[in-house]
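These are the residues of each chain, in order.
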Amino acid sequence: MNIIRSVSEMQAAAAAVKAAGRRIALVPTMGALHEGHVALIRAARTKGAAVAVSIYVNPAQFAPTEDFKTYPRNLEADAALCRREEVDVIFAPTDDEMYRADASTWVEESLLARRLEGERRPHFFRGVCTVVAKLFHICQPDVAVFGQKDFQQLRVVQRLVRDLNFPVEILPVPTVRDADGLALSSRNQYLDGLERAQASVLYKALNVAQDLFNQGETNAHRLGAAMLRTIEFAPAARTDYAEIVDGETLAPLHEAKRGDVALVAAYIGKTRLIDNLVL
Ligand code: AMP
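Residues numbered from 1 in each chain as written. Predicted model: local features only at pLDDT ≥ 70, side-chain atom pairs only at ≥ 80, totals over all residues. Heavy atoms only, no water.

**Student:** Before we go on, may I ask you to explain the packing of aromatic side chains in this structure?
**Tutor:** Remark: the centre distance and the inter-plane angle together describe each pair of aromatic rings, the angle taken between the planes. Under the criterion given, the structure shown has 6 aromatic pairs. Taking 5.6 Å as the distance between ring centres and 80° as the angle between the ring planes, the aromatic pair formed by Phe-136 and Phe-166 counts as edge-to-face. With Phe-136 in helix 6 (residues 124-139) and Phe-166 in the loop between helix 7 (151-163) and strand 6 (169-173), this pair connects stretches of sequence that are 30 residues apart. Residue classification places Phe-166 among the buried residues on the basis of a relative accessible area of 12%. (Phe/Tyr/Trp six-rings, centres within 6.5 Å; stacked < 30°, edge-to-face > 60°. Helix = DSSP H or I, 4+ residues; strand = E, 2+ residues; numbered from the N terminus. Buried < 20%, exposed > 50% of the residue type's maximum accessible area, 1.4 Å probe, protein only.)

**Student:** When you look at the packing of helix 9 (residues 201-214) against helix 10 (residues 220-232) in this model, what are you seeing that I'm missing?
**Tutor:** Each pair of packed helices can be described by the angle between their axes along with the distance between the axes. It is the contact of helix 9 with helix 10, at a shortest axis distance of 8 Å, that shows an interaxial angle of 150°. The way helix 9 lies across helix 10 gives a crossing that is right-handed. In contact with Val-201, Lys-204, Ala-205, Leu-206, Val-208, Ala-209, Leu-212 and Phe-213 of helix 9, helix 10 contributes Leu-223, Ala-226, Met-227, Thr-230 and Ile-231. (Axes fitted to C-alpha atoms, helices over the stretch in contact; angles between N-to-C directions. Left-handed = near helix turned anticlockwise from the far one by under 90°. Contact = heavy atoms within 4.5 Å.)

**Student:** Looking at this model, I keep getting lost on the nonpolar core. Mind explaining?
**Tutor:** Nonpolar side chains in soluble globular proteins generally cluster together in the buried interior. Met-10, Phe-91, Met-98, Val-132, Phe-136, Phe-146 and Ile-170 are the most contacted members of the largest nonpolar core, which totals 46 residues. Looking at this core, the elements with two or more residues in it are helix 1 (7-19), strand 2 (24-29), strand 4 (89-91), helix 6, strand 5 (143-147), helix 7, strand 7 (237-245) and strand 8 (261-268). Top contributing element to this core by residue count: helix 6, with 11 residues. When sequence neighbours within four positions are dropped, the list of residues in contact with Phe-146 reads Pro-28, Leu-40, Val-132, Phe-136, Gln-153, Leu-154, Val-157, Ile-170, Leu-171, Pro-172 and Val-173. Counting 25 residues, the second-largest nonpolar core is a separate cluster that includes Leu-191, Met-227, Ile-244 and Ile-268. (Core = buried A, V, L, I, M, F, W, Y, C linked by side-chain atoms within 4.5 Å.)

**Student:** Help me understand helix 9, please; the structure alone is not making it clear to me.
**Tutor:** Structural remark: α-helix, 3.6 residues per turn; residues separated by three or four positions point the same way. Across its 14 residues, helix 9 extends 20 Å between first and last C-alpha, which sits within 8% of the 20 Å expected from 1.5 Å per residue. Where helix 9 is concerned, the buried positions are Val-201, Leu-202, Ala-205, Leu-206, Ala-209, Gln-210 and Phe-213. For helix 9, the elements touching its buried residues are helix 8 (193-198), helix 10, strand 7, strand 8 and strand 9 (271-278). The first or second residue beyond helix 9 is Gly-216, which carries a positive phi of 110°. (Expected span 1.5 Å × (residues − 1).)

Have a look at this one:
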């Protein structure tokens, strides 16, 4: 397995794979890899393509107040996991390789990215769209794998690929969870013991909404309020949002229907976590 650190080398390696008649499946990550990322890598493998995993903590998607500096980084452990999963190449560029000091071109999705995460983290999706576009140009994937854990991100990336005609198939992968339902996330490392015990409240809230919906409650406001109450029951939790939105457009709703999605974001102590469940 190769670890490539420069853009030009990665582009050359991708061109060589293509010239040999092989397809490329890309798994974009920020590293600190866990079983959720493993599920993405295994999904990529099913495509019979060469599997590339990008590991890059993208500064463009963090606000100055966020955790860019402290975000967990451990390339050695990540490389060991990738080797075990028979990944063909890791692309782990430096910041200098990815962004020139005077970079002035950005990619923006202006509809799906506006609400929810985009409302609370104004630069987030511009950073995500820009880095995804760059990774696609650099790694030349035929398939790119994204987790449903970041549901809004998945929908924004699908829209980006559609609107800008990237010749890339987006392969979504269901959320991988711990035994108590907490969605795996690199940021779970920030939680102390007490917080970790309470963090499953996000998933509990989603299930409360699902159960109410199954019992016939379709009022989106009441479903949101029930999720909020469930989250706030945990002393360490503070809800950022708890909403039911359209599963395709992410538009807010009055009446929920099957295929719509429950989305929650909450602080557990100082750590902000997100989760979702399709009704
Ligand atoms: P990240 O490294 O957190 O930026 O995530 C990289 C990719 O892995 C994204 O497509 C995420 O949606 C996906 N991912 C992260 N956590 C999970 C999980 N628990 N289950 C499935 N996919 C995940």
